[in-house]
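Spelled out, the chains give:
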Amino acid sequence: RKEDNTAIGRCGFSHFYGVQFDGMDHYYWGSADKVTKDGDIFQLLELGYTYSKQAWGKGYATEAALAFRDYGFNTLRYDEISSLVIKENLASIKVAKKLGATDITDCMVHDSPSFNLTNRK
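Because the structure is a prediction, the values reported are computed rather than measured.

The rules behind the values
- Residues numbered from 1 in each chain as written.
- Predicted model: local features only at pLDDT ≥ 70, side-chain atom pairs only at ≥ 80, totals over all residues.
- Heavy atoms only, no water.
- Core = buried A, V, L, I, M, F, W, Y, C linked by side-chain atoms within 4.5 Å.
- Buried < 20%, exposed > 50% of the residue type's maximum accessible area, 1.4 Å probe, protein only.
- Helix = DSSP H or I, 4+ residues; strand = E, 2+ residues; numbered from the N terminus.
- Contact = heavy atoms within 4.5 Å.
- Salt bridge = Lys/Arg side-chain N within 4 Å of Asp/Glu carboxyl O.
- Phe/Tyr/Trp six-rings, centres within 6.5 Å; stacked < 30°, edge-to-face > 60°.

### Regarding the nonpolar core
It is characteristic of soluble globular proteins that their nonpolar side chains tend to be buried jointly. Core analysis: the largest hydrophobic core is formed by 18 residues, its most contacted members being Cys11, Leu47, Tyr49, Tyr51, Ala65 and Leu117. Among the secondary structure elements, those contributing two or more residues to this core are β3 (41–51), α1 (60–74), β4 (80–86) and α2 (90–98). If one sorts the elements of this core by residue count, α1 sits on top with four residues. Sequence-distant contacts of cysteine 11, defined by excluding residues within four places in its chain, comprise Leu47, Gly48, Tyr49, Tyr51, Ala64, Ala65 and Phe68.

See below:
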């Protein structure tokens with residue numbers, strides 16, 4: 001937080017490693033050796049955000065994620081940016097939709113039912 005220099009969370013780009021398995025993409029964070037399913041491994045650029053509970057509902061995730069989205073599209077020249085969100089995390093789904101996610105697909109993230117919410121330039 002700017003006013004008191006308190007760390008309240010994080011937002012930024014990272015790479016997930018994925019594999020198509022049983023007709024669905026399965027994603028794993030960290031490195032390719034984290035993938036537990038068989039298949040051809042691919043990378044996905046992900047815009048993620050995680051905030052402490054006391055920061056929820058105050059717009060921090062949306063503000064930061066919009067800045068990263070714009071930086072990714074305008075400065076880094078990315079054509080698309082995805083956010084991987086566990087299905088029960090309704091607030092994070094709402095943030096991804098505010099970013100302009102129009103392509104929403106089912107996927108698994110570390111074996112948890114999730115959505116891949118994708119923004120295209």
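Back to the write-up after that little detour.
### What about the pattern of salt bridges?
The tally for this structure, following the rule as stated, stands at seven salt bridges. Arginine 1 serves as the salt-bridge partner of aspartate 4, at 2.7 Å between the closest nitrogen and oxygen. Residue arginine 1 is classed as partly exposed on the basis of its relative accessible area of 30%. One salt bridge connects arginine 120 with glutamate 80, and the closest N-O pair in it is separated by 3.2 Å. Here the residue arginine 120 occupies a position in strand β6 (residues 112–120), and glutamate 80 occupies one in strand β4, the gap between them amounting to 40 residues.

### Things to note about unusual backbone geometry
Apart from glycine, the bulk of residues carry a negative phi angle, and the bulk of peptide bonds sit in the trans form. Phi is positive for asparagine 5, which is not a glycine, with a value near 60°. Assignment of secondary structure puts asparagine 5 in the segment before β1 (9–21). You can call asparagine 5 exposed: its relative accessible area is 72%. Located in the positive-phi region is histidine 110, a residue other than glycine, with phi close to 45°. Residue classification places histidine 110 among the partly exposed residues on the basis of a relative accessible area of 39%.

### Let's talk about the packing of aromatic side chains
Considering all chains together, one arrives at three aromatic pairs under this definition. Geometrically, the ring pair formed by phenylalanine 13 and phenylalanine 68 is edge-to-face, given 5.6 Å between the ring centres and 85° between the ring planes. Placement of phenylalanine 13 in strand β1 and of phenylalanine 68 in helix α1 is noted, with a sequence separation of 55 residues between them. Judged by its relative accessible area of 24%, phenylalanine 13 is partly exposed. Arranged with centres 5.9 Å apart and planes meeting at 90°, the rings of tyrosine 27 and phenylalanine 42 form a pair that is edge-to-face. Here phenylalanine 42 lies in strand β3 and tyrosine 27 lies in strand β2 (residues 24–29), a separation of 15 residues in the sequence. Taking the relative accessible area as the measure of exposure, tyrosine 27 reaches 2% and is therefore buried. Taken together, Phe13, Phe68 and Tyr78 form an aromatic cluster joined through their ring pairs.

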